[in-house]
Structure formats: C-alpha cells, structure tokens
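# Examination of the molecular architecture
Okay, here's what each chain looks like letter by letter:
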Amino acid sequence: MLNPEIIQLPKILDDRGNLSFIEESNHIPFKIERTYWIYDVPGGERRGGHAYSDLQEFIVALSGSFDVVLHDGTKELRFHLNRSYYGLYIPKMMWRELENFSTNSLALILADKKYSEEAYIRNFDEFVQKRNAG
Ligand code: TYD
C-alpha cells in the first residue's frame, strides 16, 4: 500500500503571475474521476472525519491554509497545507480530517472514484479494526 506524502507540483514562475498544474497518473499516482472543493468554512469548523475503503485522494490548498490530520490505524500524522504548488496524496484506508481552516481557504480535492456513500467508513473504531485486520 502507498503511503501518504506531500507531492510538489510544477511551478512556472512568471512576472505575470505563477502557474501550477496537475496531470493524472503523472504528478499524482491515479486517474482523476472526480474533483470537488471545500470553501466558505466557518472559523473553527472541521470537515471529513472518515476513511474510504478503496479511494485515493490528492488535496491542495488552492488558497489559504488548513491542516489535514491522518490516522493510519496506529498513529496520527498532521500535514499543514498552505501553498497551491504542493498537495497531500492520501491512499485508501486512512482516517482523515481537515481542520484549522484560515479565512477564505479553498481546499481542492481530486479523487480516483465517483461519489458513493458506500465508499465511506464513518466509524473510527470500525476503521481501526478493518485497517489492522488487513
Ligand atoms: P462528506 O464527504 O461527508 O463531507 P466531509 O467529509 O468533507 O465533511 O460530504 C458531505 C455531503 O456532500 C454528503 O452528504 C455527500 C455529499 N457529497 C457529494 O454528493 N459528492 C461528493 O463528491 C462529495 C465529496 C460529497
């Protein structure tokens, strides 16, 4: 199983403004089936608080900053995202939560599957049990 990791994206510096991009199966290790974004998060709110049994993601802070807190069934890992030229790759079967959103932050999330509620594990104890079983 792949590990969570920060992936640096191409950054084309330009006096007219910088440019970054993501190519599926090149900069990120999957094909993109879905893109969604989280925005207008009120101060102090959290998003996520679940795992996916068989879904990978890549999260970029396109604007502002926030923390992504992961749990692999044994230990917690915390990543602070605050630039639009890198992102966090999250493999399947990771508990993940987004918190500490700055004002006007924008979280872009690329996923390798279409939305399906069946893909979610929303109970942490169930997640730990499944994760450590296999
Ligand atoms: P959810 O993934 O639970 O939000 P978060 O984990 O960020 O707190 O999604 C919230 C609601 O939005 C849920 O009812 C399902 C719906 N939803 C979609 O319809 N399509 C999507 O791609 C996503 C991510 C969520």
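Residues numbered from 1 in each chain as written. Predicted model: local features only at pLDDT ≥ 70, side-chain atom pairs only at ≥ 80, totals over all residues. Heavy atoms only, no water.

The chain appears in an unreviewed UniProt entry as WxcM-like domain-containing protein from Mucilaginibacter pankratovii.

In the neighbourhood of the ligand, the contacting residues comprise Arg34, Tyr36, Ile38, Arg47, Gly48, His50, Tyr115, Tyr120 and Arg122. Within the side chain of Arg34, an N or O atom sits 2.5 Å from an oxygen atom of the ligand. A distance of 3.0 Å separates an oxygen atom of the ligand from a polar side-chain atom of Arg122. When grouped by side-chain class, the residues that make up the shell around the ligand number four nonpolar, two polar and three charged. (Near = heavy atom within 4 Å. Polar contact = N/O pair within 3.5 Å; in protein donor to acceptor, adjacent residues only side chain to side chain. Nonpolar A, V, L, I, M, F, W, Y, C, P; charged D, E, K, R; others polar.)

The antiparallel open sheet is built from five strands, whose spatial order is E8-E7-E10-E5-E12. The two strands at the open ends of the sheet, each matched to only one other strand, are strand E8 (76–81) and strand E12 (120–121). As judged from the six bridges shared by strand E7 (residues 66–71) and E8, these two strands associate in the antiparallel manner. The residue bridging Val69 from the neighbouring strand is Arg78, located in E8. (Pairing = 2+ DSSP bridges. Helix = DSSP H or I, 4+ residues; strand = E, 2+ residues; numbered from the N terminus.)

It is worth spelling out the environment of Glu5 at this point. Note that Glu5 resides in strand E1 (residues 5–8). The exposure class of Glu5 is partly exposed, given its relative accessible area of 43%. Residues Glu5 and Gly44, spaced 39 residues apart in sequence, show a C-alpha to C-alpha distance of 25 Å. (Buried < 20%, exposed > 50% of the residue type's maximum accessible area, 1.4 Å probe, protein only.)

Let's shift gears to the pattern of salt bridges. Following the criterion strictly, the structure yields 13 salt bridges and no others. Across the pair Glu97 and Arg46 runs a salt bridge whose closest N-O atoms are separated by 3.3 Å. Remark: Arg46 occurs in the loop between strand E4 (34–38) and strand E5 (47–52) and Glu97 occurs in strand E10 (residues 95–99); sequence separation between them is 51 residues. When its relative accessible area of 49% is taken as the criterion, Arg46 is described as partly exposed. For Glu99, the salt bridge goes to Arg78, with nearest N and O atoms at 2.9 Å. Here the residue Glu99 occupies a position in strand E10, and Arg78 occupies one in strand E8, the gap between them amounting to 21 residues. The buried category is assigned to Glu99, whose relative accessible area is 8%. By relative accessible area, Arg78 is classed as partly exposed at 46%. Several salt bridges converge on common partners, so that one network encompasses Arg46, Asp67, Arg78, Glu97 and Glu99. (Salt bridge = Lys/Arg side-chain N within 4 Å of Asp/Glu carboxyl O.)

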